[in-house]
Amino acid sequence: MTQMKNIKRHIFLLLLAVSVFVNSQAQVKVHLFPDRSSCVSGDTLWFSTLIIPDGDAETGNVVHVQLDNSVNRHITNVSVACTDNQGQGYLLVPDSLSTGIYFLKAFVSGPEKDGTNVINQRLLTVYNRFGEDINSVNSPETNSSETFDQFNGMVIAAPDKTIGMRENVSIKIKIPEDRQSEIKTLIVTAGLADPFSEKNFPVFFPEKGTDTGSLSIPEKNGILLDGVVVAPDTKTPVSGAIVLLSIPDDSISYFDYCISDSAGIFRFYLRNAVGTGNLVIQARSQQYPVCNIKLLENYIETKDPSGVENILLSYDQKKYAETVINASYFNRLFNRYSLPPAKKLSVPAEFNFPFYGEPTATVYPGLFIDLPDFTEISRELLHGVQYRERKDGITMRVYNYGGSEIFTDEPLKLLDGIPVFDSHVFSKMGTTDIRKVDEVFYERFIGDLSFQGVVAVYTRKQSLSWIENTPGISLFGYSCLQPSKKWNLTARQNDKPNLPDFRKVFYRNRITKVLPENEISFQTSDLKGKLSVQVIAITRKNQVLYSCKQIEIK
Amino acid sequence: MKQIFKRIIYAAIFIEIVFISNAQEMHSPLVKLTPASNSLNYKLPGIRYYVRPSYMGSEFLTEKWCPANLVLENGDRYDSILVRLNSYLDELIEYNNRINATIMLDKAAISGFDITFEDGLTGHFQKIYFDKFPKGDRYFSILYEGKLKALLWYKTIETQTSVYVDPSGFMHNTEFVLTRNYYIEFPGGEIVKFALKRRSFLQVFPEHKKQVRRLLRKNDVLLKTEDDISKAVSLIEKEVTL
């Protein structure tokens with residue numbers, strides 16, 4: 001009898017231990033709330049994100065959102081910074097996507113081990129905008145799905161059971177007073193309901209993910225940039241190479257360096273880098289004066305779906321698909337296709353001086369008589385700079401104030417903030433090209449790098465065209481944090497009343513001051529169908545609740 | 001045979017010198033950089049520090065390199081780096097053991113640092129702009145920090161002395177002398193200097209002289225040590241409405 005009791009006790013303790021272990025494996029969860037469950041290729045999809053932190057563990061605030069097709073092929077991604085664990089952004093759905101169901105995946109970087117990130121995938125139906133006679137849609141076979149809890153007691157009240165096209169609608173979202181205080185945010189969307197994909201609104205598909213890039217460090221208002229240095233001939237990774245990153249800017253250019261590890265991998269942290277622009281990267285090692293650079297992208301890999309199912313569309317579903325495709329065509333005809341304006345990449349300067357410190361002297365050649373080339377400029381204006389053009393090459397040396405002598409090595413030469421290793425770039429530059437020259441006459445340290453003086457040339461018209469002809473310098477177009485932008489879906493409806501209105505989403509807002517009765521108003525478009533009002537409520541304990549209501553548009 | 005051997009060595013040295021100079025180097029060719037040089041922080045900027053002639057006394061606050069935690073103006077931290085405060089130049093000198101270099105760190109980039117002295121005591125230094133003569137940023141040791149701040153500025157000065165010969169055989173007639181300068185920083189940012197004497201300290205508060213004097217007397221604060229300064233400022237902050 002006592003033996004039986006002992007066994008029971010052991011089993012109980014074992015179960016307790018397992019439960020404690022499972023709880024200790026709690027992770028950061030990221031939820032994604034797109035403004036639509038389907039779209040036409042070329043549309044702009046807006047989304048909100050919610051990070052649910054793992055207790056006190058350090059969590060980044062940057063959410064990466066990626067769009068994958070039904071066989072997990074990466075299509076596009078964006079990164080948004082969250083405030084108070086909530087963020088918003090937009091994703092441009094490429095024009096060329098074929099009709100089918102795609103995955104939207106959101107994740108944050110963190111200290112999780114590979115394969116333990118749980119990605120709450122959302123489904124997005126995309127109709128190709130050139131598609132005709134869409135009878136079926138390819139859908140991935142997903143293993144498991146979960147649904148957000150329904151908000152019991154929330155009432156979405158519309159004035160009428162049916163509404164007309166281009167009608168001003170006012171809808172009230174009522175929350176029981178006893179629950180008002182527990183709601184932190186409401187995300188309200190009103191749009192045309194897709195009979196095929198509407199069911200996916202409160203559904204998400206958890207799947208384990210493995211990072212492909214640098215997801216081991218929490219990103220806070222910044223982006224981690226990873227890459228590999230490879231030998232130009234053998235394409236093998238180069239370890240110990242000095243990788244220099246420059247981001248040219250009109251005021252103070254960004255500069256950083258990294259030493260590649262044994263696998264040739266380097267990493268930079270672009271803090272507060274917002275927008276899309278050019279990164280100039282060059283790598284040099286003792287073995288290879290010129291190395292090749294390959295950037296690694298921060299995508300997350302999830303298990304491939306078990307298969308792809310071809311789902312036949314019903315009459316209503318097919319009709320909706322044709323309606324929105326035609327609407328997309330006419331919308332472009334009448335309103336033209338305009339991308340949200342891209343913001344030029346900018347990394348705010350954290351200090352009031354360039355990375356090479358305060359210059360010893362700054363020379364503005366424009367203040368002097370016009371000089372035709374850099375030889376003349378250095379001879380006449382750059383006192384302390386020895387620039388010699390000979391048959392066997394160009395040499396540059398600067399005076400060392402610290403040691404009261406001329407340095408024996410070349411200084412750090414910069415053109416618009418980008419390190420230059422071949423002085424030929426300067427040789428034809430005269431007064432008309434050069435805005436200013438900064439000179440540093442000390443041995444300058446930047447971290448563990450040291451330079452025997454600095455000569456920084458800034459041109460009047462910054463251009464990166466010289467990089468194309470310079471071996472060893474790579475130029476990468478790169479998207480960092482997405483600039484914060486507000487939804488502007490209602491702005492277009494009233495300014496051109498004579499033009500047709502083909503909006504599929506009529507209203508989208510994130511309400512942070514939640515009242516017992518929250519009123520929203522918008523105008524419907526010229527499209528018939530069902531209006532779907534969807535509300536996501538996020539509680540102060542980060543629980544996600546949902547409610548929705550459909551109204552006929554006639 | 002010896003001659004040939006010598007020539008080979010000289011040739012090798014010459015070739016090495018030619019090889020290591022001229023090119024644009026980003027670090028000393030004698031030191032190989034490793035990923036230990038990597039940091040996601042803003043990289044510490046500075047210039048090469050050259051050792052000055054060895055006068056009598058020291059231009060440094062400490063005799064040895066002391067570990068310090070450094071905070072940059074952008075909030076980045078560097079922990080356990082070896083530094084010495086050059087109180088003559090009022091500059092922070094770092095010994096970078098990875099590249100075997102002494103670097104005078106850019107004052108503009110540094111916000112403050114906590115240093116552990118040779119005797120195990122710690123000091124908290126902040127860079128504060130001093131708007132009197134000579135104007136500029138100074139590294140102040142913070143004796144007390146509240147609404148009022150009690151500051152100590154270590155300043156080494158060069159003074160005339162009788163002629164002596166340094167260990168290298170050079171003759172000098174100057175020596176380094178470390179001075180301690182005390183200041184109170186008021187909430188508005190005004191910084192007032194005082195000496196380590198009760199009378200001088202009372203001059204800092206001309207409108208509350210009587211009140212402060214009574215307070216110091218009541219609490220037996222003699223103002224003869226730096227601890228007394230901290231205690232006095234703390235009492236004034238609590239008891240006197242400035």
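A quick note: this is a predicted structure, and the numbers were derived from the prediction, not measured.

Draft legend 1. Structural context of empty space enclosed by the protein. Applying the stated criterion to the full structure yields six cavities of 30 Å³ or more. Volume-wise, the largest cavity comes out at about 330 Å³. Considering the residues around the largest cavity, the lining is formed by 21 residues, among which Y254, F255, E350 and F351 of chain A together with Y42 of chain B are closest to the centre. Counting residues per element, the ones that place at least two in the lining of the largest cavity are β19 (254–259) and β20 (265–271) of chain A. Residue contributions to the lining of the largest cavity peak at three residues, all from β19 of chain A. Taken together, the residues of the lining of the largest cavity break down into 14 nonpolar, three polar and four charged.

Draft legend 2. Main features of the interface of chain A and chain B. Taken together, the contacts link 44 residues of chain A with 37 residues of chain B. Buried surface at the junction of chain A and chain B, both sides included, amounts to about 3300 Å², of which 55% is carbon and sulfur. By the criterion of area lost to chain B, the three top residues of chain A are F351, F445 and D448 of chain A, representing 23% of everything that side buries. Counting across the interface, chain A meets chain B through five salt bridges. Of the charged contacts, one joins R271 of chain A and D76 of chain B as a salt bridge, the two residues approaching to 2.6 Å between their closest N and O atoms. In this assembly, chain A and chain B are joined by 14 residue pairs in polar contact (both at pLDDT 80 or more). Elements with a contribution of two residues or more to the side of chain A that touches chain B: β18 (242–247), β19, β20, β27 (393–400), β29 (412–415), β31 (434–446) and β32 (449–459) of chain A. Element by element, the count of residues in the side of chain A that touches chain B is highest for β31 of chain A, at five residues. Along the lines of polarity and charge, the residues of the side of chain A that touches chain B split into 22 nonpolar, nine polar and 13 charged. As defined by bridge partners, β31 of chain A adjoins strand β1 (residues 45–48) of chain B across three bridges and the pair is classed as antiparallel.

Draft legend 3. Focus on a positive patch on the surface. Among the surface-exposed residues, K210, R213, R214 and R217 of chain B lie close enough to one another that they form a single positively charged patch. You can see R214 of chain B is positioned in helix α3 (residues 209–218).

Draft legend 4. Broad picture of unusual backbone geometry. Residues and elements named next belong to chain B. Residue P134 follows F133 across a cis peptide bond; omega there is -15°. Take P134: it is sitting in the loop between β7 (122–130) and β8 (136–145). You will see that N100, though not glycine, has its phi angle at about 55°, which is positive. Within the fold, N100 resides in the loop between β4 (91–96) and β5 (101–105). The exposure class of N100 is exposed, given its relative accessible area of 53%.

Draft legend 5. Representation of the sheet that holds β27 of chain A in the model. Residues and elements named next belong to chain A. One open sheet holds the three strands; their spatial order is β26-β27-β28, and the pairing between them is antiparallel. Either end of the sheet is taken by a strand with one partner, and the two such strands are β26 (385–390) and β28 (405–406). Bridging between β27 and β28 involves two bridges; their strand directions are antiparallel. Bridge pairing links N400 to E405 in β28.

Draft legend 6. The arrangement of the pattern of salt bridges in detail. In the structure shown here, the tally under the stated rule is 27 salt bridges over all chains. D90 of chain B is the partner of K107 of chain B in a salt bridge, and the nearest nitrogen-oxygen pair spans 3.0 Å. Here D90 of chain B lies in the loop between β3 (77–86) and β4 and K107 of chain B lies in the loop between β5 and β6 (110–116), a separation of 17 residues in the sequence. Judged by its relative accessible area of 5%, D90 of chain B is buried. Via salt bridges that share partners, D35, R36, D43 and K504 of chain A belong to a single interconnected network.

Draft legend 7. Structural detail: the packing of aromatic side chains. Counting across every chain of the model gives 32 aromatic pairs over all chains. An angle of 35° between the planes, with centres 4.8 Å apart, marks the rings of F148 of chain A and F204 of chain A as tilted. In this pair, F148 of chain A sits in the loop between β10 (146–147) and β11 (149–150) while F204 of chain A sits in strand β16 (residues 203–211), placing the two residues 56 residues apart along the sequence. What makes F204 of chain A buried here is its relative accessible area of 6%. A network of ring pairs unites the aromatic residues Y182, F186, F194, F201 and F205 of chain B as a single cluster. Lying across the ring of F60 of chain B, R84 of chain B places its NZ or CZ 4.0 Å from the centre. The ring centre of W65 of chain B lies 5.6 Å from the NZ or CZ of R84 of chain B, which sits over that ring.

Draft legend 8. Up close: the environment of I81 of chain B. Residue and element names in this part refer to chain B. Along the polypeptide, I81 turns up in strand β3. What makes I81 buried here is its relative accessible area of 11%. Considering only alpha carbons, one finds I81 and I115, 34 residues apart in sequence, at a separation of 9.5 Å. Excluding anything up to four places from it in sequence, I81 contacts L44, C66, P67, A68, L70 and E94.

Draft legend 9. Expanded view of a nonpolar patch on the surface. On the surface, a cluster of nonpolar side chains totalling about 410 Å² of accessible area is made up of Y329, F330, L333 and F334 of chain A. Mapped onto the secondary structure, F330 of chain A falls in helix α3 (residues 315–335).

Calculation notes
Residues numbered from 1 in each chain as written. Chains lettered and ligands numbered in written order. Predicted model: local features only at pLDDT ≥ 70, side-chain atom pairs only at ≥ 80, totals over all residues. Heavy atoms only, no water. 1 Å grid on protein atoms, 1.4 Å probe; cavity = no way out; pocket = protein on both sides within 12 Å on 5 of 7 lines; lining within 4 Å. Points joined across faces, edges and corners; volume = space filled by probe spheres on them. Helix = DSSP H or I, 4+ residues; strand = E, 2+ residues; numbered from the N terminus. Nonpolar A, V, L, I, M, F, W, Y, C, P; charged D, E, K, R; others polar. Contact = heavy atoms within 4.5 Å. Buried area = accessible area lost by both parts, 1.4 Å probe. Salt bridge = Lys/Arg side-chain N within 4 Å of Asp/Glu carboxyl O. Polar contact = N/O pair within 3.5 Å; in protein donor to acceptor, adjacent residues only side chain to side chain. Pairing = 2+ DSSP bridges. Patch = residues over 30% accessible without salt bridge, like charges linked within 9 Å, V, L, I, M, F, W, Y side chains within 5 Å. Areas by Shrake-Rupley, 256 points an atom, 1.4 Å probe, with all protein chains shown as cover. Lys, Arg positive; Asp, Glu negative; His and termini not counted. Charge placed at Lys NZ, Arg CZ, Asp CG, Glu CD. Buried < 20%, exposed > 50% of the residue type's maximum accessible area, 1.4 Å probe, protein only. Phe/Tyr/Trp six-rings, centres within 6.5 Å; stacked < 30°, edge-to-face > 60°. Lys NZ or Arg CZ within 6 Å of the ring centre and 35° of its normal.

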